[in-house]
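# Coordinate inspection notes
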Amino acid sequence: MIYGFVINPSVTDDILDIVTYYKNVNPELAIDFLNKIEITKKYISDFPLAFQIKYKNVRMVLLEQFPYQIHYVIDDVQSKLLYLQ
């Protein structure tokens with residue numbers, strides 16, 4: 001079963017802040033960052049149980065190459081992944 005993501009609005013704000021920061025450092029970093037997020041979200045969507053529960057029901061995966069973690073909860077009832085942070 002493939003799960004869809006539901007993204008917390010505060011996560012979107014955080015990502016936009018990070019993208020702005022990376023654009024100021026090097027625009028290619030901003031693009032790489034967004035690509036890594038999409039690749040990681042796709043992997044999580046395909047294999048939601050691949051990562052350990054770190055606290056309560058929250059799973060966490062470290063984004064490759066960047067100091068950013070994706071925290072998510074699996075909602076089996078609605079086949080959704082709640083992207084928390």
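The structure contained in this document is the topic of the report that follows. Bear in mind the structure is a predicted one, so any value in this text is a computation, not a measurement. (Residues numbered from 1 in each chain as written. Predicted model: local features only at pLDDT ≥ 70, side-chain atom pairs only at ≥ 80, totals over all residues. Heavy atoms only, no water.)

### A short note on the overall build of the protein
We count it as follows: Helical segments are the DSSP runs of H or I of at least four residues, strand segments are the runs of E of at least two, and each set is numbered from the N terminus. Note on contacts: a residue pair is in contact if any heavy atoms of the two residues lie within 4.5 Å. The protein chains shown are the only cover counted for residues, whose accessible areas, like all others here, come from Shrake-Rupley with a 1.4 Å probe.
Helix and strand counts for the protein come out as two helices and five strands. The order of α-helices and β-strands along the protein, N terminus first, is β-α-α-β-β-β-β. The contacts of the protein with a sequence gap of at least 6 include a subset with a gap of at least 24, amounting to 48%. Working note: accessible area of the protein is about 5,600 Å², and carbon and sulfur atoms make up 56% of it.

### Some remarks on the nonpolar core
Put simply, the test is: What we call a nonpolar core is a set of buried Ala, Val, Leu, Ile, Met, Phe, Trp, Tyr and Cys residues that are connected through their side-chain atoms within 4.5 Å. In this scheme, a residue with accessible area under 20% of its type's maximum is buried, one over 50% is exposed, and one in between is partly exposed, where area comes from a 1.4 Å probe on protein chains only.
Counting 17 residues, the largest nonpolar core has I15, F33, I44, L63, Y68, I70 and Y72 as its most contacted members. Broken down by secondary-structure element, the contributors of at least two residues to this core are α1 (9–25), α2 (27–46) and β4 (69–75).

### Re unusual backbone geometry
Keep in mind that most residues, glycine aside, have a negative phi and that most peptide bonds are trans. In this structure, K56 takes a positive phi of about 45 degrees despite not being glycine. On the secondary structure map, K56 appears in the loop between β2 (53–55) and β3 (58–62). The backbone of Q65 sits at a positive phi, close to 80 degrees, despite the residue not being glycine. Inspection of the secondary structure assignment puts Q65 in the loop between β3 and β4.

### A word on the packing of aromatic side chains
Heads up, the condition is: Here a pair means two rings of Phe, Tyr or Trp (six-membered ring of Trp) with centres within 6.5 Å. Their orientation is stacked below 30 degrees between planes, edge-to-face above 60, and tilted elsewhere.
Under the criterion given, the structure shown has seven aromatic pairs. Their ring planes at 85 degrees and their centres at 5.6 Å tell us that F33 and Y68 sit as a pair that is edge-to-face. Remark: Y68 occurs in the loop between β3 and β4 and F33 occurs in helix α2; sequence separation between them is 35 residues. Each residue in the set Y21, Y22, F33, F66 and Y68 is aromatic and connected to the rest through ring pairs, giving one cluster.

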